[in-house]
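Coordinate analysis (summary)
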Amino acid sequence: MLYRENGQFKTSYRSDQQVFPIAQDRIAIWLLVAFAAVGVPLLADEYLFRAILIPFLILSLAALGLNILVGYCGQISLGTGAFMAVGAYAAYNFMVRIDGMPVLAALLLGGVCATVVGVLFGIPSLRIKGLYLAVATLAAQFFWDWAFLRIKWFTNYSSSGSVSVANLNIFGIPIDTPQAKYLFCLVFLVVFAMAAKNLVRSHIGREWMAIRDMDVAAAVIGIRPVYAKLTAFAVSSFIVGVAGALWGFVHLGSWEPAAFSIDRSFQLLFMIIIGGLGSIMGSFFGAAFIVMLPVFLNQALPALGGLFGVTIDTATIAHAELMIFGALIVFFLIVEPHGLARLWSIGKEKLRLWPFPH
Amino acid sequence: MGSFLETLLGGLMTGMLYSLIALGFVLIYKASGVFNFAQGAMVLSAALAMARFSEWIPEWLGFDNKILANVLAFCMAMVMMVMAAWLIERLVLSKLVNQEGITLLMATLGIAYFMDGSGQTLFGSDIYKIDVGLPKDPIFLFENVFQGGILVNKEDLYAAAIAAALVALLSLFFQKTSTGRALRAVADDHQAAQSIGIPLNRIWVIVWSVAGFVALVAGVIWGSKLGVQFSLSLVALKALPVVILGGLTSVPGAIIGGLIIGVGEKLSEVYIGPFFGGGIEIWFGYVLVLFVLLVRPQGLFGEKIIDRV
């Protein structure tokens with residue numbers, strides 16, 4: 001009853017073309033953003049920030065970037081972890097090597113470096129398609145894993161191989177409390193999500209989708225595959241690179257190449273598949289699901305064991321987590337191959353008609 | 001010259017082992033169009049089962065004969081792999097018919113997680129030994145030709161021979177038996193095969209079982225070389241460039257790709273590696289593949305990809 005668009009007439013092109021054409025959606029989004037910015041910092045405790053909220057924000061950002069490449073442009077990439085690493089290490093090097101480098105600029109420059117690397121490793125996509133491309137992007141993953149481990153210049157010759165940043169502050173405001181970190185990441189996420197949402201609705205976004213649906217046909221109607229694919233790689237790896245820099249700077253503080261291993265790439269791919277390919281909203285759902293599942297299993301399994309009077313040792317819990325994680329992924333793919341975003345839109349359709357069946 | 005040949009031979013033998021794992025990928029991809037990321041997990045589970053059963057069976061039955069124990073353990077592990085194949089077909093693949101390639105790929109990743117977890121829950125997660133009596137001592141070849149001869153690991157030699165025999169066996173199976181012909185028919189065209197009465201579901205179970213068998217053999221060989229532990233499932237990641245280099249749909253491609261990658265890795269590590277600080281084995285295969293694919297997007301022996309609108 002509440003969610004109905006009757007009487008909302010569009011009288012100008014502007015109102016017809018807006019991102020959220022339904023007034024209730026607009027209100028809901030504003031409320032959500034307001035709650036995330038004001039309500040959550042007041043309510044959440046430190047554990048929640050560290051274990052769930054901050055990882056969720058940063059990984060949603062990375063998933064958003066990956067979704068542009070895989071979901072909108074149809075180029076499967078297994079090298080996301082590497083692009084995150086490039087963003088993080090580039091930002092680190094800008095911070096260390098240039099005196100008085102503002103954090104914001106370092107983060108964005110990290111993204112720019114990731115863009116360059118992303119375009120470079122995206123060039124093969126002009127010739128290679130599908131699964132072949134997926135394996136080819138693994139080259140990026142393994143190469144950069146190795147480079148950040150072995151080439152000491154990248155880690156500023158630190159003896160342990162791990163790098164760290166401290167005393168982050170932006171425009172004079174220190175980012176040291178969990179709340180500040182959370183808000184910092186939230187701002188990034190909101191800005192990039194809005195940019196991405198508008199980008200995929202635009203000329204270039206439609207080109208990406210045409211390439212995804214059938215690249216030969218797209219080329220025939222005059223879309224340049226080179227331009228479309230490489231811009232998708234560029235935009236995607238920029239966002240992923242910034243997310244990587246945030247992951248290193250804000251979430252981890254000090255990190256090693258292992259933080260951006262191939263598991264991270266798989267994890268992000270899981271997020272967008274479970275969330276929904278080709279959906280901005282889906283990236284958030286997927287990230288929330290994948291971030292919270294291990295935390296939930298970690299809490300639930302010992303409790304469940306206690307219920308039956310069995311104490312489960314940590315190794316078994318780790319293995320059981322793997323099993324349940326794998327089984328749930330398969331289950332999700334079978335039940336809803338189009339991801340949580342599809343469930344969301346089905347729910348919205350139903351809500352428009354409610355309480356009537358048709 | 002001697003050391004060059006030594007590296008070359010070492011590379012060839014490692015390559016043979018890579019192709020053993022790559023073979024599992026190719027078999028499944030050909031028959032069901034699934035890029036099976038779980039191949040590594042299958043190798044790990046099979047090797048774990050083999051290692052543990054060969055310890056347990058003599059205890060259970062109360063005898064002390066290593067050969068018999070190994071044979072029985074091998075059979076038990078094989079039964080397990082067939083069961084796994086059947087379950088995967090029943091619970092996963094048959095529900096995901098007609099989905100896109102990436103969805104299937106993710107499903108096999110899910111299977112991989114599940115198998116990694118369940119294998120280690122059932123059989124434990126320590127490092128285990130597989131001892132099938134492969135001799136470990138190195139031998140020297142061509143001692144009269146070169147100064148000092150060429151050092152070759154006898155174990156590698158046996159492993160390579162077993163791998164070669166397995167490949168020969170598989171190609172006989174594919175060429176001569178009616179099941180093999182059915183498998184090739186399914187690989188060529190699912191619908192046409194189904195319309196002449198080949199049961200797709202059974203074929204998939206068979207193919208996954210054969211891949212399980214290949215995984216078991218690979219697991220036994222790698223396991224007796226490196227010990228059975230979690231890192232065994234990562235060997236599959238080394239075999240990925242092999243599959244892509246040879247072409248996803250070609251069995252000979254998997255073999256030749258394996259040899260090329262094996263040799264390339266070893267030679268590059270020895271002759272180029274020192275300039276980069278070493279350890280370039282990890283990515284050499286992938287970067288090599290990247291450049292080959294730029295010239296031949298379907299791999300060296302893959303079917304030509306034809307785009308239709």
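Owing to the predicted nature of the structure, the values given are computational and were not obtained by experimental measurement.

Summing up its helical and strand segments, chain B has 12 helices and two strands in all. Reading the secondary structure of chain B in the N-to-C direction produces α-α-α-α-β-β-α-α-α-α-α-α-α-α. In summary, chain B has a C-alpha radius of gyration of 20 Å against a globular reference of 19 Å for 309 residues, a match within 12%. Seen through its principal axes, chain B has C-alpha atoms that stretch 65 × 60 × 35 Å. Buried residues in chain B amount to 47% of all 309 residues. Summarising the internal contacts of chain B: among those between residues at least 6 apart in sequence, 74% fall at separations of at least 24.

This part takes up the overall build of chain A. Along the backbone of chain A there are 14 helices and four strands. Against the globule reference of 21 Å for 358 residues, chain A gives a C-alpha radius of gyration of 21 Å, in line with a compact fold. With respect to the principal axes defined by its C-alpha atoms, chain A has extents near 65 × 65 × 45 Å. Counting all 358 residues of chain A, 45% fall into the buried class. Sequence-distant contacts, at least 24 apart, represent 76% of the contacts inside chain A between residues at least 6 apart.

Residues and elements named next belong to chain B. Within chain B, residue pLDDT values average 83, and 95% of them lie at 70 or more. Per-residue pLDDT, averaged within each element of chain B, yields its smallest value for strand 1 (residues 138-141) (70) and its largest for helix 3 (residues 66-91) (89). For this predicted complex, the interface confidence reaches an ipTM of 0.84, while the overall pTM sits at 0.88.

Much of the literature gives interface size as the accessible area that the parts lose upon coming together. Contacts between the two partners involve 39 residues from chain A and, on the opposite side, 40 residues from chain B. Looking at the side of chain A that touches chain B, the elements with two or more residues in it are helix 6 (130-150), helix 9 (215-220), helix 11 (262-275) and helix 13 (314-335) of chain A. Of the residues forming the side of chain A that touches chain B, the biggest block, 13 residues, is contributed by helix 13 of chain A.

Residue and element names in this part refer to chain A. Between helix 3 (residues 46-72) and helix 10 (residues 225-252), whose axes approach to 8 Å, the crossing angle comes to 165°. Between helix 3 and helix 10, the crossing angle belongs to the class labelled roughly antiparallel. Considering only the axes of helix 3 and helix 10, their crossing is left-handed. Of helix 10, the residues touching helix 3 (which contributes I54, P55, I58, L61, A62, L64, G65, L66, I68, L69 and Y72) are A232, F233, V235, S236, I239, V240, V242, A243, L246, W247, V250 and H251. A per-class count over the contact of helix 3 with helix 10 returns 20 nonpolar, three polar and no charged.

The next point concerns the nonpolar core. Ranked by internal contacts, the top residues of the largest apolar core, which has 210 residues, are A:L61, A:A91, A:L246, B:V43, B:A47, B:M50 and B:V207. When near neighbours in sequence (up to four residues on either side) are disregarded, A:L61 contacts A:F188, A:L189, A:F192, A:I239, A:V242, A:A243 and A:L246.

Residues and elements named next belong to chain B. In this structure, M50 sits in helix 2 (residues 39-61). Taking the number of C-beta atoms within 10 Å as the measure of exposure, M50 has 28 and is therefore buried. For the pair M50 and F123, spaced 73 residues apart in sequence, the C-alpha separation works out to 9.9 Å. Not counting residues up to four positions away in its chain, the partners in contact with M50 are A73, F74, A77, I130, L216, G219, V220 and G223.

Once that is clear, we can look at the environment of B:F63. All names here are of chain B. Residue position: F63 is located in the loop between helix 2 and helix 3. The class for F63 is exposed, based on 11 C-beta atoms found within 10 Å. What F63 contacts, discounting residues up to four positions off in sequence, is P58 and L68.

Let us look at helix 6 (residues 178-188) of chain B. Residues and elements named next belong to chain B. Of all the residues in helix 6, the buried ones are A182, L183, V186 and A187. Down the axis of helix 6, the sector holding all buried residues measures 140°, keeping them to one side. Residues of helix 6 that are exposed and point more than 90 degrees away from the buried face comprise S178 and D188. Residues of helix 6 that are buried make contact with helix 1 (2-32), helix 5 (154-176), helix 7 (190-195) and helix 8 (200-226).

A word on the environment of A:V116. Residue and element names in this part refer to chain A. Counting through the fold element by element, V116 comes out in helix 5 (residues 103-122). By the C-beta count within 10 Å, which is 15 here, V116 ends up partly exposed. Residues V116 and A234, 118 residues apart in the sequence, show an inter-C-alpha distance of 7.2 Å.

Residue pairs three or four apart in sequence face the same way in an α-helix, which turns once every 3.6 residues. Between its terminal C-alpha atoms helix 4 (residues 80-97) of chain A stretches 26 Å, which fits the 26 Å expected from 18 residues at 1.5 Å a residue. Within helix 4 of chain A, 16 of the 18 residues are buried, which leaves the element mostly enclosed by the surrounding structure.

Residues and elements named next belong to chain A. Residue P355 follows W354 across a cis peptide bond; omega there is 10°. Position of P355 among the secondary structure elements: in the segment after helix 14 (340-353). The backbone phi angle of N156 is positive, close to 55°, even though this residue is not glycine. As for its position among the elements, N156 is in the loop between helix 6 and strand 1 (163-164). The partly exposed category is assigned to N156, around which 13 C-beta atoms lie within 10 Å.

What follows is about the packing of helix 7 (residues 178-201) of chain A against helix 10 of chain A. Residue and element names in this part refer to chain A. Two elements in contact, helix 7 and helix 10, have axes whose closest approach is 12 Å; the angle formed by their N-to-C orientations is 175°. One element, helix 7, and the other, helix 10, form an angle in the roughly antiparallel class. In this structure, helix 7 uses K181, F184, C185, F188, F192 and L199 to contact helix 10, whose residues at the interface are V235, I239, V242, L246 and V250. Grouping the amino acids of the contact of helix 7 with helix 10 by side-chain chemistry returns 10 nonpolar, no polar and one charged.

The rules behind these values
- Residues numbered from 1 in each chain as written.
- Chains lettered and ligands numbered in written order.
- Predicted model: local features only at pLDDT ≥ 70, side-chain atom pairs only at ≥ 80, totals over all residues.
- Helix = DSSP H or I, 4+ residues; strand = E, 2+ residues; numbered from the N terminus.
- Rg over C-alpha atoms; globule rule 2.2 N^0.38 Å.
- Buried ≥ 20, exposed ≤ 12 C-beta atoms within 10 Å, placed from the backbone.
- Contact = placed C-beta atoms within 7 Å.
- pLDDT = per-residue confidence, 0-100.
- Axes fitted to C-alpha atoms, helices over the stretch in contact; angles between N-to-C directions.
- Parallel < 35°, antiparallel > 145°, perpendicular 65-115°, else oblique.
- Left-handed = near helix turned anticlockwise from the far one by under 90°.
- Nonpolar A, V, L, I, M, F, W, Y, C, P; charged D, E, K, R; others polar.
- Core = buried A, V, L, I, M, F, W, Y, C linked by C-beta atoms within 7 Å.
- Arc of directions from axis to C-beta.
- Expected span 1.5 Å × (residues − 1).

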